[in-house]
Every structure is written in structure tokens, then in C-alpha cells.
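Listed below are the residues making up each chain.
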Amino acid sequence: MSIEIAGVSKRFGDFVALDNVSVSIPSGRLTALLGPSGGGKSTLLRIIAGLERSDSGRVEIEGIDATDLPPQKRNVGFVFQHYAAFKHMSVRRNVAFGLQIRKRPKDEIAGRVDELLKLVHLEQFGDRLPAQLSGGQRQRMALARALAVQPTVLLLDEPFGALDAKVRKELRDWLRRLHDEVHVTTVFVTHDQEEALEVADEIVVINEGRIEQIGSPDDLYDRPANDFVMRFLGPVTQLGDQLVRPHDLQISTGAAGPDDVGGRVTRITRIGFEIRVEVATAAGQTVVVTLTRNEFLALGIDVDATVHLRITPGSPTTTAVTGQPAGLEEDLATTAQ
Ligand SMILES: Nc1ncnc2c1ncn2[C@@H]1O[C@H](COP(=O)(O)OP(=O)(O)OP(=O)(O)O)[C@@H](O)[C@H]1O
């Protein structure tokens, strides 16, 4: 294990930002700290970096107790959402900075900077100033600068958070490829479940200062540990007391099976390649089902049709916490924040 966090707690006044958090972050992997705003992700990352001190607990990096070490002794590199570059220095000099203060020989620095600029696809931009780069290029420069000193751990706090959706998506793919080349243990903070599911090898879900689940993207998606993780990873709807994903529900118009729930179609909406069908059940729930266009056409249903609903066998479900009905809109709104 590359980073061992054991029993870490952190308060700000009366507010508990981290509550007895323990997690092992594997070497050479890309790990996402995922959760809603204010959940404690950045605080945990800052504690790993040494920028914040925990009230209790231990942080070990590559087998060394780092709990009391200052940031510069931890051999970590970091990149934040708003990266503070040296504005008057060229991209090359920004990337070289860490090596220069370590007094590395000139030709070694030049060679390493060339290598890094190539790695982040900025080789033509070495002589520009940071202000002459796009937001995405600046974040790539920040990564090159963080990697220059060969950190054992790279920490990224919403590194693409301030960029528009298209650039974010490009950089996400690029980060995954970069990591496949460099293999430095990387921990990145994100509140975007899609980003975490797409990029990370391992995801730590953090909410209200506690860890909800740790696992691979498949583990989390296919075996969510609880209601919170299920809701956080994407749209959900509720059938009886079960939370389920709208595409894991089946609609039929024939004879009802023993566990089927009857209802009436109240609304049909087309969203891109999917058809969203709302069904009102006898128990008064509005259940949302998403179907492909072909599934929908094969069913031949319209508003007011009498239908039966069932959960596709083997689909992930969790038991809904009572008093919190799942509303699809509400979930889409939270995940799109
Ligand atoms: N220096 C501080 N002083 C007081 N409260 C703080 C401080 N730093 C963080 N907090 C509080 O601790 C909580 C956790 O913050 P943190 O930044 O770790 O959350 P987060 O999960 O990273 O959220 P976000 O994505 O919004 O940054 C928040 O409620 C925040 O207001």
C-alpha cells in the first residue's frame, strides 16, 4: 500500500469534517475521492499533502510515518483547480522550477523538461507565458510541474473543475492515458461520479466526513453498499421499498408474474436515444423506467396503458431509507451540480 490513513479525524470548530477515516490507497493506481460538496474530500487530500494537520490518526506514505512531516518532506506533487503558475515565467521555466530549487544540473533539467512537455503534449508551447495558454493547457502544465520532481504520490484536487464540459472530458481521457504511461500513485478529488467511474481504478466514496464505500468502479456500480452510494452514482427510482436504476426495470403488458407491481402509464418522454416512462402504481408511487427506443416500440404502450413492473433479476438494488422517496429529477439535479 502506498498511502495508509488510519483513524484520521478533523474538526473545524464544532464542525466534524472527517470522522475517524481509515483507508489504504494502493501503489501505482489512480484513486478517486468521490462525494458531494462539503463531504470532506479536500480536507482528506490536504491532510495527505501535509497542508492540513489532522486532530488524531496517522498518515503513512510509502511505509514512512508522515503524520508530522511538513509538505516539502513528503515527496508529493499537487495540482489544484485554480493552479497558481508563475505568471512572468515561461511554461518551460514553470515546469523546471522544482528542479532548479533542488539545484539539479542544467542539462539534466533541460532534458527532463523536454520529456515532461512531450508527456503533457505541450512541446510547442514551452516558450509561452501561462496567460497565453488555454485553461486545459494550463492544467497540463501544472501536471508537468508536479511530476517534474518525481513525486511518489500525485494529489489532484478537482484539477479539471474550472474547465468547460468538453475540455474536462478530453483531459479526463488524457489523465487516464498519462497515468497508464507514468504509473505514479495518484489520488484525485472529484464530485463528478461519471469522472470517477470513467477514470479511476479505485473509488473512495466520502460523505459527511465518513467513508461510505471503497471499491472499483464495477464494485460501486454493481454492488452499492447502501442507499447513499446507489443514489450518488446516478439516477434511481423507487419501487416498493427498493431503490433501483430506471434502466433495470422491465415493463410488461401481458399476464402479471407473482412479484410484479401493477400500474398505469402517466407520462412518456423521449430523451435522446432513451424513452422515459412514468408509471403510477396502486400504492401511489410514481416509478420511472427508461427503455431503449426498440424496447418501447415492441411494447406498443401509450399513456393510460395498464402495465406491470418488475426489477430485472440480478440488478443492483438497495433498500430505501424511509422518509426519503427517490425522485429522479432530484437525483439528476444533485449529480449535475
Ligand atoms: N479551514 C476551514 N475552516 C473551517 N471549515 C472548513 C475549513 N476547511 C474546510 N472546512 C469545512 O469542512 C467541510 C469539508 O470541506 P472539504 O473542502 O473537505 O469538502 P469537499 O468534500 O472537498 O467539498 P468541495 O468539493 O466543496 O471542496 C466543509 O463543510 C467546509 O466548509
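The structure this text deals with has already been given above.
Residues numbered from 1 in each chain as written. Predicted model: local features only at pLDDT ≥ 70, side-chain atom pairs only at ≥ 80, totals over all residues. Heavy atoms only, no water.

## Details of the site of the ligand
Here is step 1 of the chain: Residues in close proximity to the ligand include Phe12, Phe15, Ala17, Pro36, Ser37, Gly38, Gly39, Gly40, Lys41, Ser42, Thr43 and Glu158, which together make up its full environment.
Here is step 2 of the chain: In this structure, glycine 39 approaches the ligand through a main-chain N or O atom, which is 3.0 Å from an oxygen atom.
Here is step 3 of the chain: With respect to the ligand, the side chain of threonine 43 contributes an N or O atom lying 2.5 Å from an oxygen atom.
Here is step 4 of the chain: Notes on the ligand: free accessible area 630 Å², of which the protein chains cover 58%.
Here is step 5 of the chain: Of all the secondary structure elements, the ones that give two or more residues to the shell around the ligand are strand E2 (15–25) and helix H1 (41–49).
Here is step 6 of the chain: Of the residues in the shell around the ligand, the class split is four nonpolar, six polar and two charged. (Near = heavy atom within 4 Å. Polar contact = N/O pair within 3.5 Å; in protein donor to acceptor, adjacent residues only side chain to side chain. Areas by Shrake-Rupley, 256 points an atom, 1.4 Å probe, with all protein chains shown as cover. Helix = DSSP H or I, 4+ residues; strand = E, 2+ residues; numbered from the N terminus. Nonpolar A, V, L, I, M, F, W, Y, C, P; charged D, E, K, R; others polar.)

## Re the environment of threonine 253
Here is step 1 of the chain: You can see threonine 253 is positioned in the loop between strand E13 (249–252) and strand E14 (261–271).
Here is step 2 of the chain: By relative accessible area, which is 45% here, threonine 253 ends up partly exposed.
Here is step 3 of the chain: Taking the C-alpha atoms as reference points, threonine 253 and leucine 299, 46 residues apart in sequence, are found 7.4 Å from one another.
Here is step 4 of the chain: Not counting residues up to four positions away in its chain, the partners in contact with threonine 253 are Leu299, Ile301, Thr306, Val307 and His308. (Buried < 20%, exposed > 50% of the residue type's maximum accessible area, 1.4 Å probe, protein only. Contact = heavy atoms within 4.5 Å.)

## So, helix H5 (residues 165–182)
Here is step 1 of the chain: With 18 residues, H5 should cover 26 Å at 1.5 Å per step; its first-to-last C-alpha distance of 25 Å lies within 8% of that length.
Here is step 2 of the chain: Buried within H5 are the following residues: Arg168, Leu171, Arg172, Trp174, Leu175, Arg176, Leu178 and His179.
Here is step 3 of the chain: Residues of H5 that are buried in the fold lie against strand E3 (30–34), helix H3 (106–119), helix H4 (135–148), strand E7 (153–157), strand E8 (185–190) and helix H6 (193–199).
Here is step 4 of the chain: The first or second residue beyond H5 is histidine 183, which carries a positive phi of 60 degrees. (Expected span 1.5 Å × (residues − 1).)

## A short note on the pattern of salt bridges
Here is step 1 of the chain: On inspection of all chains with the given rule, the structure shows 27 salt bridges.
Here is step 2 of the chain: Measuring nitrogen to oxygen at the nearest pair gives 2.5 Å for the salt bridge that ties glutamate 60 to arginine 58.
Here is step 3 of the chain: The class of glutamate 60 is partly exposed, set by a relative accessible area of 22%.
Here is step 4 of the chain: Using a relative accessible area of 37% as the deciding quantity, one classes arginine 58 as partly exposed. (Salt bridge = Lys/Arg side-chain N within 4 Å of Asp/Glu carboxyl O.)

## Let's talk about the sheet that holds strand E12 (residues 242–244)
Two modes of strand pairing occur in sheets, parallel and antiparallel, and in both the strands are linked by backbone hydrogen bonds.
Here is step 1 of the chain: Spatial strand order, E11-E12-E18: three strands in an open sheet with antiparallel pairing. The two strands at the open ends of the sheet, each matched to only one other strand, are strand E11 (237–239) and strand E18 (317–319). Between one strand and the next, the sheet's axes are offset by a mean angle of 35 degrees, whatever the strand orientation.
Here is step 2 of the chain: Here E12 runs beside E18; their pairing, made up of three bridges, is antiparallel. Residue pairing for E18: glutamine 242 is matched across the bridge by threonine 319. (Pairing = 2+ DSSP bridges. Axes fitted to C-alpha atoms, helices over the stretch in contact; angles between N-to-C directions.)

## Looking at unusual backbone geometry
Here is step 1 of the chain: A positive phi angle, close to 55 degrees, is found at histidine 121, a residue other than glycine.
Here is step 2 of the chain: As for its placement among the helices and strands, histidine 121 is situated in the loop between H3 and H4.
Here is step 3 of the chain: Histidine 121 gets classed as partly exposed once you look at its relative accessible area, which sits at 44%.
Here is step 4 of the chain: A positive phi angle, near 85 degrees, is found at aspartate 304, a position not held by glycine.
Here is step 5 of the chain: Overall, aspartate 304 belongs to the partly exposed group, its relative accessible area being 49%.

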